[in-house]
Amino acid sequence: MSTSNAVVVILLFTLAIIVASNDIENLFGVSINDLLKNEAALQSYATQLETEGYFKVENLLNTDSAQSLSSQMGSSSISRTDVWRNPWQVPTINPEYPEDHPINFMTQAKGGFVGRTDLPQVFIDLYNYKPVLELFRKILLKHTYQSLYLSADFEGSIYGLVGIEGDIGGQHLDQHPFSCVWMLQKPLHNSGEFQYVRYSPVKYESKNGTSFEWDFDLMHQINIKNEDAIRNHRKAISVQNGDVYCFEGNVTMHETTQIKGEIDRILFVTAYHELEGFQHTGAVNDNNKWGKHKVADIEIQSHGEL
């Protein structure tokens, strides 16, 4: 290739990046660059995360964008699932614990999923858009994080959720320590509400030293619907189409109430980690066999390792 042709290729590639960046910027209802310069706003989000267990950026997507993305998500390849699982997303009873122990408390997870490999490209572009990652990183650096990276998980780094009438999201913890939910379409009657309990590890001292354990007592009280425990610890997030709320999913037990009415609940989730290269393991990875990931797994089982 001649030098002049090489220059032309580079210019075209650069132009394509600029055009794509401009297209992404048109999706937002607020200026990301302005937020990045607004120290008061960044501190406010960090304080909300510290005190409430989440922060919410209102109208991060404008109304038209939310509607368009909702339509694209609804037209994607959706994998339906209906499973009962414990808070760590394991679908089997652990015989080492009593059946009434919180580790063996099963709830129903019923809904539609769109894995990363089935998502339209615009969602991937949004996830990879550096100013958004920088916004979340700046907020978390004011919290307790040292850094923030995109997840490397094959299907679960970014995924869509499409809930229809009757769907419900059972309580669970994430493996990703930080997740953001981008609301595209709310269902009717305030259904499909995101509810959560933030659990702080309980510290124990013994002759063997200091150890930390989940607050199983509080989990049990929540599970048996103790009114005081629910009133003092369970919270809900009010959200509108285009809003984005972010939380620490690996210490925040969360669920969504059953969807009522003919309007689907449509959103997508973006996941992050303090360390580079994070991928799901164990039951969570098994549950995330959507799209091409699922096809590849079937091929490996049928033909051996590819």
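Note that the structure is a prediction, hence the values are computed from the model and not measured.

For the rest of this paragraph, the subject is the packing of aromatic side chains. Tallying each qualifying case throughout the model produces 17 aromatic pairs. Measuring from centroid to centroid gives 5.8 Å for Tyr45 and Phe55, while their planes differ by 40°, and the two rings are tilted. Taken together, the residues span a long stretch of sequence, with Tyr45 in helix H3 (residues 39-52) and Phe55 in strand E1 (residues 54-57) at a distance of 10 residues. A single burial state applies to Tyr45 and to Phe55, both of which are buried. With 5.7 Å between their ring centres and 80° between their planes, Phe136 and Tyr272 make a pair best called edge-to-face. Taken together, the residues Phe136 in helix H6 (residues 130-141) and Tyr272 in strand E14 (residues 265-273) connect sequence positions 136 residues apart. Its relative accessible area of 0% is what places Phe136 among the buried residues. Counting every residue linked through ring pairs, the aromatic cluster contains Tyr45, Phe55, Tyr127, Phe136, Tyr145, Phe178 and Tyr272.

What follows concerns the environment of Glu52. Its place among the elements puts Glu52 in helix H3. The spacing of Glu52 and Phe247 is 195 residues in sequence and 9.4 Å in space, taken between C-alpha atoms. Excluding residues that lie within four positions of it along the chain, Glu52 makes contacts with Tyr196 and Lys235.

Let us look at the pattern of salt bridges. Enumeration over the complete set of coordinates arrives at seven salt bridges. Its salt-bridge partner being Glu52, residue Lys235 comes within 3.6 Å of it at the nearest N-O pair. Of this pair, Lys235 sits in strand E11 (residues 235-237) while Glu52 is found in helix H3, placing the two residues 183 residues apart along the sequence. A residue is classified by how much of its surface remains accessible, and Lys235, at 33% relative accessible area, is partly exposed.

Moving on to the nonpolar core. Grouped burial of nonpolar side chains is what soluble globular proteins tend to show. Ranked by size, the top nonpolar core spans 44 residues in total, and within it Phe28, Phe136, Phe178 and Trp182 carry the most contacts. Per-element tally for this core: the top contributor is H6, with six residues. Phe178 has contacts with Phe55, Phe136, Leu140, Tyr145, Leu148, Cys246, Phe247, Glu248, Gly249, Thr270, Ala271 and Tyr272, leaving out every residue within four places of it along the chain. With 12 residues, the next largest nonpolar core counts Val181, Val239, Tyr245 and Leu267 among its residues.

Relative orientation and spacing of two packed helices are given, respectively, by the angle between their axes and the distance between those axes. Relative to each other, helix H4 (residues 63-74) and helix H5 (residues 121-128) sit at 125°, their axes nearing to 10 Å. The angle between the axes of H4 and H5 places the two elements in the oblique class. Together, Leu69, Gln72 and Met73 of H4 and Val122, Phe123 and Leu126 of H5 make up the contact between the two elements. Here the residues of the contact of H4 with H5 are counted per class, giving five nonpolar, one polar and no charged.

This part takes up the pairing of strand E3 (residues 107-114). For E3, the buried fraction is high: six of the eight residues fall into the buried class. Alignment of strand E2 (residues 79-85) against E3, held across seven bridges, turns out to be antiparallel. The residue of E3 that forms the bridge with Arg80 is Gly112. Note that E3 and strand E6 (residues 168-172) share two bridges and pair antiparallel. For Ala109, the partnering residue across the bridge sits in E6 and is Gly169.

Here the focus is the side chain of Ser76. Locating Ser76 in the fold gives a position in the loop between H4 and E2. The contact partners of Ser76, leaving out residues within four places of it in the chain, are Val114, Asp118 and Pro120.

Okay, H3 next. With 14 residues, H3 should cover 20 Å at 1.5 Å per step; its first-to-last C-alpha distance of 19 Å lies within 8% of that length. Buried within H3 we find Ala41, Leu42, Tyr45, Ala46 and Leu49. One face of H3 carries all of its buried residues, which in axial projection span an arc of 140°. Those residues of H3 that are buried are in contact with helix H2 (32-37), E1, H6, strand E8 (194-198) and strand E12 (244-247). At the N-terminal boundary of H3, the capping side chain belongs to Asn38, with an oxygen 3.3 Å from the backbone nitrogen of Ala40. Looking one or two residues beyond H3, the residue adopting positive phi is Gly53, at roughly 90°.

How each quantity is defined
Residues numbered from 1 in each chain as written. Predicted model: local features only at pLDDT ≥ 70, side-chain atom pairs only at ≥ 80, totals over all residues. Heavy atoms only, no water. Phe/Tyr/Trp six-rings, centres within 6.5 Å; stacked < 30°, edge-to-face > 60°. Helix = DSSP H or I, 4+ residues; strand = E, 2+ residues; numbered from the N terminus. Buried < 20%, exposed > 50% of the residue type's maximum accessible area, 1.4 Å probe, protein only. Contact = heavy atoms within 4.5 Å. Salt bridge = Lys/Arg side-chain N within 4 Å of Asp/Glu carboxyl O. Core = buried A, V, L, I, M, F, W, Y, C linked by side-chain atoms within 4.5 Å. Axes fitted to C-alpha atoms, helices over the stretch in contact; angles between N-to-C directions. Parallel < 35°, antiparallel > 145°, perpendicular 65-115°, else oblique. Nonpolar A, V, L, I, M, F, W, Y, C, P; charged D, E, K, R; others polar. Pairing = 2+ DSSP bridges. Expected span 1.5 Å × (residues − 1). Arc of directions from axis to C-beta. Polar contact = N/O pair within 3.5 Å; in protein donor to acceptor, adjacent residues only side chain to side chain.

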